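# Working through the structure, step by step
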Amino acid sequence: MEMFYGWRRKLHARFDASSRFKKNFLKVASASLFAQALPVLVSPIMTRLYSPHDYGVLALFAAILGVAVAIATMRFDWLVAAAHTEKSAAYIEVIGILYLLLMSLAYFGVSFFGLHHTIAFVDWRIIDPFLWLVPVAVFGSGLHTLFSGWFVRAAHLTPVARARVRQSLAVVALGLIGGIYSLGALGLIGATVLGAFIGVGGLYRHARNDLRRSLANIRALALCAKARAIRRRVLVSGSTGIINVSGLLLPAIMISHHFSAVELGWYALMYRLATGPVSTLTGAVGQSFWGEARSLANSNPKALQALFERTSSRLMLLSIPVAIACLAGPWYVGLIFGKEEWSGAGEVLAALTPFIVAQIIASPLSSVITIMRHERWLFFWDLARTLVVIAIFSASGHYNIGLTTAVLSYAIGMAVMYALLFYKTRRIIVSQG
């Protein structure tokens, strides 16, 4: 930890952190990079404690969990972050928590009565022994998401970064313990679930005083009125969020249906390897950009355009070494992670390159679309992306195309979709200026 904080001090010394954007970026990026890099650094150990099949089970669990969390949060965190007053944000936060609790209880019912088996394109045999953990994980992850929205609105991102560090340390430590005791997929899944609650605990400790102050004057009638007032935005933004998450997580679900659990494990680990530390930086850029763009959108559109151009240029530069590392995957993945079981995963990493590069450049800046109230366009973009994912993997399964070719086709399709997203974001900002 001392090494991490020393590295963070060097970052602050090197860059002029005079603007709020730079300060927030440095806080989130430095802590979150550690949080995401740690699992990647211990992966060579983890892949010798767990098999590709275990990682495949975890990937399917995480995909189902991600979609379930998106349904249970309906992007209330985005509405909290975009609220104009603290009182309005507090009302939306409470509505989001109540809805999350209701959906978590509903998931318990679905799991208990076996209603999930009506969804035919998921291989439930792989995941059935662990489904009872989904509602628990949904509640913990949902609270983490909602509390993060509160801090993003205040542009106070230090607690969010620290929570990620604690969560990452917990997941890695618990995963290693599970591997040592040969718990298999349960060790990986249990670490994920417990880590979510450890992360949200830190966020709550930082938010409780502000929340208590903001919630002191909340009244039931006013809460109901606020729920009615935002219901349309919740439906549009929430539906967009569900489709957005589904587009990202559907590949794991579709791979589980058309390919083996071992191949799913290859895809899952390589996707994590390619997006882990990088998504920390892009996520930090995205959250910091959101906080700055929200204040500049109406007050200084020219400054927003300049911020967009600077940020997009830096993201393009960041994508170059990431692309090189992904394309070199076939030469080092097997050697690092275990040649016998993981050698085929290197080709999957190389195939993901077009998608990873496009996502790095476009995704962190797309919050402008929500800030400028273009949620309907984003909804149709997410819907189109999801349909592209379904079409590509369904065709791959139908024509018995190999995993690497299927992933490459998916990556090219996603690159085209993210290029469209970047174009729309830039067009909105230019029109404002």
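Heads up: the structure comes first, above all this text.
A quick note: this is a predicted structure, and the numbers were derived from the prediction, not measured.

Attention now moves to the overall build of the protein chain. Along the backbone of the protein chain there are 20 helices and zero strands. Here the C-alpha atoms of the protein chain give a radius of gyration of 21 Å, agreeing with the 22 Å that 2.2 N^0.38 yields for 433 residues. Here the C-alpha coordinates of the protein chain stretch approximately 60 × 50 × 45 Å along the principal axes. Counting over 433 residues, the protein chain shows a buried share of 55%. Sequence separation of 24 or more characterises 85% of the internal contacts of the protein chain that already satisfy a separation of 6 or more.

Turning our eyes to something else, we now look at the environment of H374. Looking at where H374 falls in the secondary structure, it is placed in the loop between α18 (367-371) and α19 (375-398). Overall, H374 belongs to the partly exposed group, its relative accessible area being 29%. Through-space distance from the C-alpha of H374 to that of S237 is 9.7 Å; in sequence the pair is 137 residues apart. Excluding residues that lie within four positions of it along the chain, H374 makes contacts with I369, K424 and I428.

Moving on to the pattern of salt bridges. For the coordinates displayed, the defined rule picks out two salt bridges. One salt bridge connects R426 with E309, and the closest N-O pair in it is separated by 3.2 Å. Note that R426 is positioned in helix α20 (residues 403-432) and E309 in helix α13 (residues 301-327), a separation of 117 residues in sequence. The exposure class assigned to R426 is partly exposed, which follows from its relative accessible area of 37%. The residue D382 makes a salt bridge to R385 at a minimum N-O spacing of 3.5 Å. Highlighted residues: D382 and R385, both in helix α19, separated by three residues, approximately one helical turn.

A word on the side chain of S366. Tracing the backbone shows S366 in the loop between α17 (353-362) and α18. From its side chain, S366 meets the backbone oxygen of S363 in a polar contact 2.9 Å long. When neighbours within four sequence positions are excluded, S366 is seen to be in contact with L421 and T425.

For the rest of this paragraph, the subject is the packing of α13 against α20. Following both chains from N to C, one finds α13 and α20 inclined at 155°, their axes separated by 8 Å at the closest point. Between α13 and α20, the angle is such that the two are roughly antiparallel. The hand of the α13/α20 crossing is left-handed. Between α13 and α20, the contacting residues are P301, L304, Q305, F308, E309, S312 and M316 on the first element and F422, T425, R426, I429, V430 and Q432 on the second. Along the lines of polarity and charge, the residues of the contact of α13 with α20 split into seven nonpolar, four polar and two charged.

The residue T47 is located in helix α3 (residues 43-49) in this model. A polar contact of 3.3 Å, which involves the side chain of T47, links it to the backbone oxygen of P44. Those residues in contact with T47 that lie beyond four places of it in its chain are Y55, L269, F337, E341 and W342.

Bringing the packing of aromatic side chains into the picture now. What the rule picks out here adds up to 13 aromatic pairs. Pairing F147 with Y204 gives two aromatic rings, centres 6.1 Å apart and planes at 45°, and the pair type is tilted. Of the two residues, F147 sits in helix α8 (residues 134-153) while Y204 sits in helix α10 (residues 185-215), which places them 57 residues apart along the sequence. When its relative accessible area of 6% is taken as the criterion, F147 is described as buried. Judged by centre distance (5.5 Å) and plane angle (45°), the rings of F393 and Y410 are tilted.

Now for the environment of F355. By the element assignment, F355 lies in helix α17. Sequence-distant contacts of F355, that is, excluding residues within four places in its chain, are made with L248, Y271, Y410, A411, M414 and Y418.

What counts and how
Residues numbered from 1 in each chain as written. Predicted model: local features only at pLDDT ≥ 70, side-chain atom pairs only at ≥ 80, totals over all residues. Heavy atoms only, no water. Helix = DSSP H or I, 4+ residues; strand = E, 2+ residues; numbered from the N terminus. Rg over C-alpha atoms; globule rule 2.2 N^0.38 Å. Buried < 20%, exposed > 50% of the residue type's maximum accessible area, 1.4 Å probe, protein only. Contact = heavy atoms within 4.5 Å. Salt bridge = Lys/Arg side-chain N within 4 Å of Asp/Glu carboxyl O. Polar contact = N/O pair within 3.5 Å; in protein donor to acceptor, adjacent residues only side chain to side chain. Axes fitted to C-alpha atoms, helices over the stretch in contact; angles between N-to-C directions. Parallel < 35°, antiparallel > 145°, perpendicular 65-115°, else oblique. Left-handed = near helix turned anticlockwise from the far one by under 90°. Nonpolar A, V, L, I, M, F, W, Y, C, P; charged D, E, K, R; others polar. Phe/Tyr/Trp six-rings, centres within 6.5 Å; stacked < 30°, edge-to-face > 60°.

These results come straight from atomic positions and should not be treated as a statement about function.
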